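Coordinates in review
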Amino acid sequence: MEKAAKPRGRLCTLCNEKRAALKRPKTLEQICRECFYAVFEDEIHRVIVDNQLFKPGERIAIGASGGKDSTVLAYVMSELNRRHKYGLDLFLLSVDEGITGYRDDSLETVKRNELQYGLPLKVVSYSELYGWTMDEIVKLIGLKNNCTFCGVFRRQVDKLVTGHNADDIAETVLLNILRGDIARLSRCASIITGEDGPIPRCKPFKYTYEKEIVMYAYFKKLDYFSTECIYSPNAYRGFAREFIKDLERIRPRAILDIIKSGEDFRISTSTKMPEQGNCERCGYISSQKWCKACVLLEGLNRGLPKLGIGRSRDLDNKRNTNMKQANGTQNLQSKQCGSLDF
């Protein structure tokens, strides 16, 4: 009896039966598709279980942008919830920032995901929440600082599960070091944030490499929107992202090492940290009298679009000063752009 012909090429290092289809960026193992699906999903399951991210019966909002991260997140969460009987009530939550030619197209992808995964969809818009769209804001503020508004306004919408991956978190750790932002540095590597708020935000992809998310979406033929936000190329975060990519090419574990460094940071007891309170205007968590979103909105509504951009130190004084300088106000300093707190 003839033996079955072995597959040509290098065999999968895990099952040693099928032909390797890819090299894992995280471990450099050469594995087949089926083993890749298994280890990818199992690692995320272990993160969820080990960190006790959910409890049976909870209603979980999946932040859905239509991009690769949120699309894979929605697919994997749906699969794991069914397979491991988490007992979660999942639904998709999308934010329409009002970016013509970008968000309107990506929302069409999310609507298809709603049907493909059988998950209900809820869409909220900047226009409804704040009375402004990002297109309108960019006309006033320009391209340099627009990500500040988008990052702050999006955080005001309670999204329980987000697709932030290992690359994103490593970038955030690096950015907060570069900015000397001790308050955010102390929590930016946490897998759960916003625990003091009404609904915590969880990151099941905390240790999942972006490249592996792309591979998973490609091999699974998932339907996602791949165009970059038309306002993001000028974001400060982009410089950190390129640096992280360079490090990964030299040493693939660099991403996980940066995250580990962020987890191990200890703030000196003598360091004065901002005291958390609540915004006097909207009730959202804030270390100032007004939260950043309310300050930015006040600036937009008063014709001072750059009010509140940059560091929040002495923000109340700046706000009061700028209110008195409504005519001919000087631009507040800012070279930073982007949301640094998940």
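Within any chain, residue numbers begin from 1 and follow the written order of that chain's sequence. Given that this is a predicted model, residues contribute local features only at a pLDDT of at least 70 and side-chain atom pairs are listed and counted only at 80 or more, while totals for whole chains, interfaces and linings are drawn from all residues. To get the side-chain values, all heavy atoms of the structure are used, and hydrogens and water are removed first.

1. A short note on the overall build of the protein
Helix numbers and strand numbers start at the N terminus; a helix is a DSSP run of H or I with at least 4 residues, a strand a run of E with at least 2. Broken down by element type, the protein carries 13 helices and nine strands. Counting all 342 residues of the protein, 49% fall into the buried class. Taking as baseline every contact in the protein between residues at least 6 positions apart, the subset at least 24 positions apart corresponds to 67%. Where accessible areas are quoted, they stem from the Shrake-Rupley method and a 1.4 Å probe; at the residue level, only the protein chains shown are allowed to cover. Carbon and sulfur atoms make up 49% of the accessible area of the protein, which amounts to about 17,700 Å² in all. Relative accessibility under 20% of the residue-type maximum defines a buried residue, over 50% an exposed one, and the middle range a partly exposed one, all with a 1.4 Å probe and only protein chains included. For this analysis, residues touch if any pair of their heavy atoms sits within 4.5 Å.

2. Describing the pattern of salt bridges
By definition, a salt bridge exists where a carboxyl oxygen of Asp or Glu is found within 4 Å of a side-chain nitrogen of Lys or Arg. As enumerated under the stated definition, the model contains 22 salt bridges in all. Arg 249 is paired through a salt bridge with Asp 246; the nearest N and O atoms lie 2.1 Å apart. Highlighted residues: Arg 249 and Asp 246, both in helix α10 (residues 237-250), separated by three residues, approximately one helical turn. When its relative accessible area of 35% is taken as the criterion, Asp 246 is described as partly exposed. Across the pair Asp 257 and Arg 253 runs a salt bridge whose closest N-O atoms are separated by 3.7 Å. Note on Arg 253: relative accessible area 41%, which makes it partly exposed. The network of salt bridges with shared partners includes Lys 68, Asp 69, Asp 167, Glu 210 and Lys 245.

3. Focus: the environment of Phe 91
Along the chain, the position of Phe 91 falls in strand β4 (residues 89-96). Leave out the neighbours within four places in its chain, and Phe 91 touches Arg 59, Ile 60, Ala 61, Ile 62, Pro 120 and Lys 122.

4. Brief notes about the environment of Thr 162
The residue Thr 162 is located in the loop between α6 (146-155) and α7 (166-179) in this model. A C-alpha to C-alpha distance of 6.9 Å links Thr 162 and Ser 70, two positions 92 residues apart in sequence. Ignoring any residue separated from it by four or fewer positions in sequence, one finds Thr 162 in contact with Leu 73, Cys 202, Lys 203 and Pro 204. Pairs of N or O atoms are called polar contacts if they sit within 3.5 Å, as long as, within protein, a hydrogen donor faces a hydrogen acceptor (for residues adjacent in sequence, only side-chain-to-side-chain pairs). Among the polar contacts listed, one links the side chain of Thr 162 to the side chain of His 164, at a separation of 2.8 Å.

5. Digging into the confidence of the model for the protein
Along the chain, pLDDT gives the predictor's confidence residue by residue, from 0 to 100. Per-residue pLDDT for the protein has a mean of 77; in total, 68% of the residues score no lower than 70. Within the protein, helix α1 (residues 33-50) carries the highest mean pLDDT (97), whereas α6 carries the lowest (44). Across residues 145-159 the pLDDT falls below 50, and counting only partners more than four positions away or on other chains, this stretch makes 71 contacts in the model. Contacts for the low-pLDDT stretch residues 312-342, under 50 throughout, to residues beyond four places or in other chains number 76 contacts.

6. A closer look at the packing of α7 against helix α11 (residues 254-264)
What counts as an axis is a line fitted to C-alpha atoms, over the stretch in contact for a helix, and the angles between N-to-C directions run from 0 to 180 degrees. Where α7 meets α11, the closest approach of the two axes is 9 Å, and the angle between their N-to-C directions is 50°. The orientation of α7 relative to α11 falls into the category oblique. For the crossing formed where α7 meets α11, the hand is left-handed. Here Ala 166, Asp 167, Ile 169, Ala 170 and Val 173 of α7 come into contact with α11, specifically with Ile 255, Ile 258, Ile 259 and Gly 262. Here the angle decides the label: under 35 degrees means roughly parallel, over 145 means roughly antiparallel, 65 to 115 means roughly perpendicular, and every other value means oblique. Each crossing gets its handedness from the near helix: less than a right angle anticlockwise from the far helix is left-handed, clockwise is right-handed.

7. A short note on the packing of α1 against helix α9 (residues 210-219)
Two elements in contact, α1 and α9, have axes separated by 11 Å at closest approach and are oriented at 125°. The orientation of α1 relative to α9 falls into the category oblique. In this structure, α1 crosses over α9, and the sense of that crossing is left-handed. Residues Arg 33, Phe 36, Tyr 37, Phe 40 and Glu 41 of α1 pack against Glu 212, Ile 213, Met 215, Tyr 216 and Phe 219 of α9.

8. Description of the packing of aromatic side chains
Only rings of Phe, Tyr and Trp enter the pairing, Trp through its six-membered ring, and a pair is recorded when the two centres are within 6.5 Å. The plane angle decides the type: under 30 degrees is stacked, over 60 is edge-to-face, the rest tilted. The full count for this structure, using the stated rule, is nine aromatic pairs. For the ring pair Phe 40 and Tyr 216, a centre distance of 4.4 Å and an interplane angle of 20° mean the geometry is stacked. In this pair, Phe 40 is assigned in helix α1 and Tyr 216 in helix α9, connecting sequence segments 176 residues apart. Taking 5.4 Å as the distance between ring centres and 65° as the angle between the ring planes, the aromatic pair formed by Tyr 218 and Phe 219 counts as edge-to-face. The exposure class assigned to Tyr 218 is exposed, which follows from its relative accessible area of 58%. In this structure an aromatic cluster arises from ring pairing among Phe 36, Tyr 37, Phe 40, Tyr 75, Tyr 117, Phe 205 and Tyr 216. Note that Arg 59 overlies the ring of Phe 91, its terminal NZ or CZ placed 4.1 Å from the centroid. One residue, Lys 220, lies across the ring of Tyr 37, its end atom 4.2 Å from the ring centre. Here, a charge over a ring is recorded when the distance from Lys NZ or Arg CZ to the ring centre is within 6 Å and its angle to the ring normal is within 35 degrees.

9. Points about the pairing of β4
It is a general feature of regular strands that their side chains alternate between the two faces of the sheet. The element β4 is largely enclosed, with a buried count of six among its eight residues. The pairing criterion for strands is at least two bridges between them, as found by DSSP. Summarising the sheet, strand β3 (residues 59-63) and β4 pair through five bridges and their orientation is parallel. Paired with Arg 59 across the strands is Asp 89, a residue of β4. Since β3 and β4 lie parallel, the crossover through helix α2 (residues 68-83) that links them has a hand, and here it is right-handed. Pairing of β4 with strand β5 (residues 121-125) involves five bridges; the strand directions are parallel. Place the viewer so that the strands point away; then a crossover is right-handed whenever the path from the first strand over the helix to the second strand goes clockwise.

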